[in-house]
Amino acid sequence: AQSVTQPDIHITVSEGASLELRCNYSYGATPYLFWYVQSPGQGLQLLLKYFSGDTLVQGIKGFEAEFKRSQSSFNLRKPSVHWSDAAEYFCAVVPSEYGNKLVFGAGTILRVKS
Amino acid sequence: DAGVTQSPTHLIKTRGQHVTLRCSPISGHKSVSWYQQVLGQGPQFIFQYYEKEERGRGNFPDRFSARQFPNYSSELNVNALLLGDSALYLCASSFRENTDTQYFGPGTRLTVL
């Protein structure tokens, strides 16, 4: 079945440490890929997106993501995590060039310890 | 510029009642989509509207309906509320109909008792 998988429900990292959040998708064609962040009780904020071109995408707040077609992955990275990065992170895809339906993963909750 | 706005912020209803949620898109955006986010899960797509026409519908019962107005604002209606309808309802807007970046509002928290 077509889906978006975020294998890690929770991740805890120390402040200043590097971060990688995993995302895999199972769609035949290359979908349009997004990472959103959600603070408790809040809406979703776009971190970055990949539509085509350079497979390494830069986003806001120092985040980047790399699209790997061979692995059907779009992992989110940050070299040095700040306490304010604690939130829930969602990977999402628009599976088709028609329509704008976002399909979300289940999310990864990031905890930052000082 | 104002982002996507939603009203009300919070809402408490009882089973069997009806609810209307409202969304105003970013100025110039013509597409509005609705998502339901149950606690502990990722958002689920409910509807997309573009230029006042329904362009997509998720796997939700007919109790859920929506519409878009000439000013591109939108309403989501849910009839005969069930306990399972308790969720955060998110509205997102985009400029284009297809494969365009969506910007989300803060959501409406609906609690059904």
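Remember, predicted model here, so these are calculated numbers, not experimental data.

Caption draft 1: The state of the cysteines, seen in detail. Residues and elements named next belong to chain A. One pass over the full model with this rule turns up 2 disulfides over all chains. A sulfur-sulfur separation of 2.0 Å characterises the disulfide bridge that pairs cysteine 23 with cysteine 91. Its S-S torsion of approximately -65° makes the covalent link between cysteine 23 and cysteine 91 left-handed. Residue cysteine 23 is located in the loop between strand 3 (19-21) and strand 4 (24-25), and its partner cysteine 91 is located in strand 10 (residues 87-94); the two are separated by 68 residues in the primary sequence.

Caption draft 2: Spatial organisation of the sheet that holds strand 7 (residues 64-68) of chain B. All names here are of chain B. Read across the sheet, 4 strands follow the order 1-3-8-7 without closing on themselves; strand pairing throughout is antiparallel. Because the sheet does not close on itself, it has two edges, and the strands there are strand 1 (5-7) and strand 7. Direction aside, the axes of adjacent strands within the sheet are offset by 15° on average. Strand direction decides the pairing type here: strand 3 (residues 19-24) and strand 8 (residues 74-78), joined by 5 bridges, are antiparallel. Among the inter-strand pairings, leucine 21 is bridged to a residue of strand 8, identified as leucine 76.

Caption draft 3: Region of the structure containing the side chain of Ser73(A). Mapped onto the fold, Ser73(A) is located in strand 9 (residues 73-78). Setting aside chain neighbours within four positions, we find Ser73(A) in contact with Cys23(A), Asn24(A), Tyr25(A), Glu66(A), Phe67(A) and Lys68(A).

Caption draft 4: Representation of the packing of aromatic side chains in the model. Residue and element names in this part refer to chain A. As enumerated under the stated definition, the model contains 16 aromatic pairs over all chains in all. Summarising the aromatic geometry, the rings of tyrosine 32 and phenylalanine 51 are spaced 5.1 Å apart at their centres and angled 90° between planes, so their arrangement reads as edge-to-face. With tyrosine 32 in strand 5 (residues 32-38) and phenylalanine 51 in the loop between strand 6 (44-50) and strand 7 (56-58), this residue pair connects regions lying 19 residues apart in the sequence. By relative accessible area, which is 19% here, tyrosine 32 ends up buried. Relative accessible area serves as the criterion here: at 26%, phenylalanine 51 is assigned to the partly exposed category. Here the aromatic rings of tyrosine 50 and phenylalanine 67 are separated by 4.7 Å at their centres, their planes lie at 25°, and the arrangement is stacked. Linking tyrosine 50 in strand 6 with phenylalanine 67 in strand 8 (residues 64-68), this pair joins segments that are 17 residues apart in sequence. There is no split in this pair, since tyrosine 50 and phenylalanine 67 are both buried.

The rules behind these values
Residues numbered from 1 in each chain as written. Chains lettered and ligands numbered in written order. Predicted model: local features only at pLDDT ≥ 70, side-chain atom pairs only at ≥ 80, totals over all residues. Heavy atoms only, no water. Disulfide = S-S within 2.5 Å. Helix = DSSP H or I, 4+ residues; strand = E, 2+ residues; numbered from the N terminus. Pairing = 2+ DSSP bridges. Axes fitted to C-alpha atoms, helices over the stretch in contact; angles between N-to-C directions. Contact = heavy atoms within 4.5 Å. Phe/Tyr/Trp six-rings, centres within 6.5 Å; stacked < 30°, edge-to-face > 60°. Buried < 20%, exposed > 50% of the residue type's maximum accessible area, 1.4 Å probe, protein only.

These values are about where atoms sit, not about what they do.
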